Amino acid sequence: MEEHSIAGKEHDKKSKSRFMGKLFKDKKAPVDNNVDDFLHGTADRLPPMPLAPASAGHPPPLSRIDTINARRWPTAAEIQHTRRTRGRSASPKRSKKGLVVRFTNNKPEVIGEGGDESTEPVAEIGLRKRAHSHPVGSHPAPDQVVPKFEGLPMPSKVIDSIEDQFTDAFRPGPLRRTQTGYESIAEQNDRADLVGRTSPDLRENPIPSLGDARNQSHDPTSFAERVRAEMRSGEGKALHSRAEYSPDNGQLKAESLGFDSDLTPQLQELRLNTIRNSYIATSPAVPPSLQPGESQTPSSSRKTTPITESPAPLSRGPSLLQSGEPPTPSFSQKSLSITESPAPLSRASTLQGAAFAVAEDAMHDFQKRVAHLFTLFRLSTESVKPLTQCSIEELIRAALWWFLRGRMNLEARVRERPASPEGQRTRLFALQQAYSDLAKSLWLTQIITSERPEVVNYSPLMDRDSPMANVLEARQSIISNLRKLTMSMKRNGFLPPDGDDAPLPQGLDNSIWIVGDGSRSLVASMRPSGNMSMSDTFPLGDSTNKYQFGRVFVEGILEEEAASQHYRCPVVVSLVRAQMEKDLSAVIASQDGLLKLCIQADRTQGPTWNDVTWQPKYNSLKVGLPRGFVLRLHCSEQDFRMIYGIYDYQAKVHASLNQRRDEVLIFESAIRSFKYIDQDPQSRFPKEPLPHCHVRVFEKVLVDKAAAGARTMHRGFRFALVTSPKTKNLRGIDQDLLPNQPIQYGFLRGEDGQPAMLLSFANPKSVYKIIMTFDEPNERASLHRLLTGTAIGNSEEVIAEAPMKAFAIATYSGGEHDAACLKTLDWQGFRVINEDNGDLQDDNTVLSDHLRVAVDFKTGSLTDRINIGPGELRMRLDVKSSKQLKIFRQAQEDMTLSVIESQVSHELPRELAELLKNVSKSPSARTYLFPGLQDLHLFQAAVTGFVVLYDGMASSFNIARRRMVVPIYKKWDAASTRIQIVQRDKVIQLVAFFENFSHGDCMNFPLKSTDTFESSGKTGKYSLRIVDAKFALPKPRPENGEAVGHDFVCLDMPEYPGEHDDITIVFDTETEREKFSKALPAPVKVASRMGSVRR
């Protein structure tokens, strides 16, 4: 009506001017009037409103509203048409009334010169212009301070206006009388300071408030004008306080801020920082409802209005701002009183406040960009369930749902890089949907729930375990995560477009509530599992007591085996693990909270992983529930692989600590710290030490059930380590220490001087080291003894120990090959470990699982396990070297070699590994060189079980041989012979080793008490004859040289005595013969002159 009246008035004026011009022909008057109107403007007069024609006493008939064809939401075509036509005025020309032209004394700003010949690009000129907001020549004087609002979301025009006003000279206000009442002194002083410090232009053109409406009332007595006046007064106080900021010491004067003199320095510093930066994070003592994410003021008279639902241009009804969206409630001065004195704010807290301000600014920016969707959210919510009937728990649960879904979809779309146009369009639509889902969560937490009395009346004294406290804690977690997410989006350039330019594609899901399909009675009849809080049901990420590993949105179908009913609804599956537990848990929950359960390890708390049936063919999980209920989770192929991969990985890592078949647990400890070292840049372990790891060492054994008896043979070790449950990323080591590789270790000291041990592992794919720090030195020593095979068991003892000069191993693989790597080692001594039965002759040396020889050298040790069957152990004594002993063994896989890594060359471990490989594939002979003959006898008795009664040299060893046809005897005469008489219990054997004897290299046969022994000393030779000895001939040397072991004798199973002839042994001295005679089982007789009876 106002436009029609103005148009009519202008038409009358033009007609009158045209008529008067024809009469008086005056052409200058209209020009003068136009110039005067342009320079000075016209008075703000309200044109008369045309009256509607009076009716005939009856009101006009009302047209019927077509509710059938009416639509709740406009179509996408109407939205695009509305945006294209937005900003266009229906009138052909905008009226210029009310505009005033003034002149300024500021110098013009030069943005460039020369046009195309300018040396500076236009872009750089524009950047410099935006950097210097005030024109050249308008800089403030050195004694003046231009106020800057750091972090306050003020419009740029308001800031520029404030800076321009404060460039004027300071004018103190006139002296005026004031009352001496105590209550009004502070208020009038503040007003006097405000009037005195603001310039006349600022008083004439007051600064608009941050939350004022678009249509402002000019009535100074109206309620809106009074509110604006108080807001301007508060802003003036802030400007006045800012003007007194001292750049020299960076402090504010407490007097200028109106602080009470009796405040503590901590409270003053807290309030100073609050004035300096309104976005500094609150201390832990401040309740979450007072966080800066919501509108909060230090005074009840000043209220700031957050960004509320902006009126969508497509809506036909009144905007939400005009419809009275309740503002965010402010807090009174009483609610801001802090009972506990906070600690002084440090530099870290200041940086934290700056980071919080950046995050808050990013969330406000995101809120402005998605505010045009809030109307659609409200309409969608009201169509299902009015907001007034929704509990705060339902609203926060929905906010959690949409935040999780929006963040997950946003992260997935950001990682995508489609190349095809169709893929790019799909990605753009998915991004818009993710923005919409995040906007739903923001709208529910910041706009809707902030008005609830539960949030407004929150008290820090509330029980933290109460359900309402859990709900409010979940709400605060959403707000905090929204700040972090929006800050990351802004930093990486993924914020949604502005509200004016934001597309509104057709098909965008703006619904808030998700309604399930099917019989809800099934959910009601299902017994709930446990009592989980809202934060546990919808975990946003890692918390103080739980870790979160993955999350997927799947379709859940609840069925009952005895009925055909079902209930179908979308659910979210979150994979979490408590910090004090080792087992993974899967939390399944729907948006409405009807379906809520947890799959974990405790059967008393609900279903376990044993109740889960994996169906990879259908990409689904079947969860068996009590009372015949079944929950089916239908996933996509990617989500199914993710769930099964996480579960399978953690199950395998923990299963590595379990004892397997043919294994024996020998060591277990929770070590102090663990460090993994390798050269791979993509290592699965972090570089820093991990505390409280669980270590187990298993001995791998092989049980051989032969006819002679069962033997348990050593086959190496298995080292298993799992990180502590307090570490989020579960990692483990499952390493086999096979006997074909030497064990490389080292003794170290930890950071606090704690004992540490280094182990080096070599795999075909990688080589890495680990460092374990123990609490006690005994743990390190015990693990070292177990790995090297020198640990003493419960029934074991060291039955023999003595020094040793040298040790060597020769393998018979295509010939005899000596291991040269062992000759360079500094050998020190040996230890024979076995079950102790009191006497060496009583110890079990055959089919013994405990007998082993540990040979020590300076930089390591060698453990030779002698777990043999009957007839497998053979020995030989050297004829020339009396202190050398050889042991012959068949191929064996239970030898252990260990070296100190830092004290050996890099080639030695490789050479030792080659030696172990040869020993495991071919027969070998060990050569022991002792410092004394007594040490040799001790070692021989401990290994064979036969005690040495005599050990000496004979000058001749004759064996009488009878011819086949005629009774003529022939002698086999061996020159220098090494002879031993050994005994085990009642068995006495004679052992002879020859050198350069054509008929053999060695022989042994038993001696009995019934045998006849005769001595003779004629012709100056001291001999002893064994009459009619029962023996086996020495084994001849093989012609082809392929057979090995023919020069070694077996004591536990001698050859069958097939020969019955005399054996004559000749000694160089009578003393030597007497020593030999004393070791015989029967007395020695003097030889008769008549000769043998058989002759």
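Residues numbered from 1 in each chain as written. Predicted model: local features only at pLDDT ≥ 70, side-chain atom pairs only at ≥ 80, totals over all residues. Heavy atoms only, no water.

Visitor: Can you help me understand the overall build of the protein chain in this one?
Guide: Broken down by element type, the protein chain carries 22 helices and 37 strands. Counting the 1095 residues in the protein chain, one finds 41% classified as buried. Contacts in the protein chain between residues at least 24 apart in sequence constitute 69% of all its contacts with a sequence separation of at least 6. When the accessible surface of the protein chain is split by element, carbon and sulfur atoms take 52% of a total near 62,700 Å². (Helix = DSSP H or I, 4+ residues; strand = E, 2+ residues; numbered from the N terminus. Buried < 20%, exposed > 50% of the residue type's maximum accessible area, 1.4 Å probe, protein only. Contact = heavy atoms within 4.5 Å. Areas by Shrake-Rupley, 256 points an atom, 1.4 Å probe, with all protein chains shown as cover.)

Visitor: Would you explain the sheet that holds strand β19 (residues 806-812) in this entry?
Guide: Backbone-to-backbone hydrogen bonds join strands into a sheet, with any given pair of strands oriented parallel or antiparallel. Pairing is antiparallel in the open sheet, where 5 strands are placed in the order β20-β19-β27-β25-β24. A single partner strand is all that each edge strand has here, and the edge strands are β20 (816-818) and β24 (874-877). The mean angle between the axes of side-by-side strands here comes to 25°, regardless of whether they run parallel or antiparallel. For strand β25 (residues 884-889) and strand β27 (residues 924-929), the ladder comprises 6 bridges, and the chain directions are antiparallel. For K886, the partnering residue across the bridge sits in β27 and is T927. Seen against the sheet, helix α21 (residues 933-944) touches β24, β25 and β27 and runs at an angle of roughly 20° to β25. (Pairing = 2+ DSSP bridges. Axes fitted to C-alpha atoms, helices over the stretch in contact; angles between N-to-C directions.)

Visitor: Can you help me understand the nonpolar core in this one?
Guide: The tendency in soluble globular proteins is for nonpolar side chains to be buried as a group. Membership of the largest hydrophobic core comes to 52 residues, with the highest contact counts inside it found for F374 and W443. The element contributing the most residues to this core is helix α12 (residues 392-415), with 11 residues. Within the second largest apolar cluster, 51 residues are counted, among which are L851, L915, A941 and L1051. (Core = buried A, V, L, I, M, F, W, Y, C linked by side-chain atoms within 4.5 Å.)

Visitor: Explanation requested: the packing of helix α13 (residues 421-448) against helix α15 (residues 467-492) in the structure shown.
Guide: Geometrically, a packed helix pair is captured by the angle between its two axes and the distance between the axes. Contact pair α13 / α15: the axes reach a minimum separation of 10 Å and the direction vectors enclose 140°. The orientation of α13 relative to α15 falls into the category oblique. The two elements α13 and α15 meet at a crossing, and its hand is left-handed. Between α13, through Y435, L438, S441, L442, T445 and Q446, and α15, the contact on the second element is made entirely by R475, I478, I479, L482, L485 and M489. Here the contact of α13 with α15 is composed, by residue class, of 8 nonpolar, 3 polar and 1 charged. (Parallel < 35°, antiparallel > 145°, perpendicular 65-115°, else oblique. Left-handed = near helix turned anticlockwise from the far one by under 90°. Nonpolar A, V, L, I, M, F, W, Y, C, P; charged D, E, K, R; others polar.)

Visitor: How do you make sense of the environment of T486 when you look at a structure like this?
Guide: Looking at where T486 falls in the secondary structure, it is placed in helix α15. Residue classification places T486 among the buried positions, given a relative accessible area of 2%. With 123 residues separating them along the chain, T486 and M363 place their C-alpha atoms 5.5 Å apart. When neighbours within four sequence positions are excluded, T486 is seen to be in contact with A359, A362, M363, F366 and L495. Here R483 takes part through its backbone oxygen, which lies 3.1 Å from a polar atom of the side chain of T486. (Polar contact = N/O pair within 3.5 Å; in protein donor to acceptor, adjacent residues only side chain to side chain.)

Visitor: Before we go on, may I ask you to explain the confidence of the model for the protein chain in this structure?
Guide: Predicted coordinates in areas of low pLDDT are best not read in detail. Averaged over every residue, the pLDDT of the protein chain is 75; residues scoring 70 or more account for 67%. Counted against residues more than four places away or in other chains, residues 1-9, with its pLDDT under 50, gives 8 contacts. A low-confidence stretch, residues 22-31 (pLDDT under 50), is modelled with 2 contacts involving residues beyond four sequence positions or located in other chains. (pLDDT = per-residue confidence, 0-100.)

Visitor: Please explain the sheet that holds strand β28 (residues 947-954) as it appears in this structure.
Guide: With respect to topology, 4 strands assemble into an open sheet ordered β28-β31-β32-β33, the strand pairing being antiparallel. Each of the sheet's edge strands pairs with one partner strand only, and the pair in question is β28 and β33 (1002-1007). Neighbour-to-neighbour, the strand axes of this sheet turn through a mean angle of 15°, independent of strand direction. Here 8 bridges tie strand β31 (residues 977-984) to strand β32 (residues 987-994), and the two strands are oriented antiparallel to one another. Across the sheet, I981 pairs through a bridge with L990, a residue of β32. Against the sheet, helix α22 (residues 1070-1078) makes contact with β28, β31 and β32, and its axis sits at roughly 150° relative to β28, the strand it touches most.

Visitor: Can you walk me through the packing of helix α11 (residues 374-384) against α13 in this structure?
Guide: One way to put it is that α11 packs onto α13 with a least axis distance of 10 Å and a crossing angle of 80°. Considering the angle they form, α11 stands roughly perpendicular to α13. In this structure, α11 uses F374, F377, R378 and T381 to contact α13, whose residues at the interface are S436, A439, K440, L442, W443, I447 and I448. The residue makeup of the contact of α11 with α13, split by class, is 7 nonpolar, 2 polar and 2 charged.

Visitor: Looking at this structure, how should I read the packing of aromatic side chains?
Guide: Aromatic rings considered in pairs are described by the distance between their centres and by the relative angle of their planes. On inspection of all chains with the given rule, the structure shows 30 aromatic pairs. Consider the rings of F674 and F685, whose centres lie 5.6 Å apart with planes at 65°: the pair is edge-to-face. Here F674 is found in strand β10 (residues 673-678), whereas its partner F685 is found in the loop between β10 and β11 (690-691), with 11 residues between them in sequence. On the accessibility criterion, F674 (0% relative accessible area) is buried. Seen from their ring centres, F957 and F994 are 5.4 Å apart, and the 55° between their planes marks the pair as tilted. Pair noted here: F957 is in strand β29 (residues 956-962) and F994 is in strand β32, with a separation of 37 residues, a long-range link. Its guanidinium or amino end placed over the ring of W402, K440 lies 3.6 Å from that ring's centre, counting from NZ or CZ. Here R961 stacks its cationic end above the ring of W972, 5.2 Å away from the centre of that ring. (Phe/Tyr/Trp six-rings, centres within 6.5 Å; stacked < 30°, edge-to-face > 60°. Lys NZ or Arg CZ within 6 Å of the ring centre and 35° of its normal.)

Visitor: Mind showing me how you'd approach the side chain of N481 here?
Guide: On the secondary structure map, N481 appears in helix α15. A residue is classified by how much of its surface remains accessible, and N481, at 18% relative accessible area, is buried. When residues no more than four places from it in sequence are discounted, the contact partners of N481 are F403, R407 and L540.

Visitor: Would you mind showing me how to read the pattern of salt bridges here?
Guide: Charged atoms that come close allow side chains of opposite charge to pair. Tallying each qualifying case throughout the model produces 41 salt bridges. Between E637 and R641 there is a salt bridge, and its shortest N-O distance comes to 2.7 Å. Highlighted residues: E637 and R641, both in helix α18 (residues 637-655), separated by 4 residues, approximately one helical turn. On the basis of relative accessibility, which here comes to 58%, the residue R641 falls in the exposed class. For D678, the salt bridge is made with K687, and the minimal N-O distance between the two is 3.4 Å. Its relative accessible area of 44% is what places K687 among the partly exposed residues. Three or more residues joined by partner-sharing salt bridges are found here, namely R660, E663, K700, R718 and D734. (Salt bridge = Lys/Arg side-chain N within 4 Å of Asp/Glu carboxyl O.)

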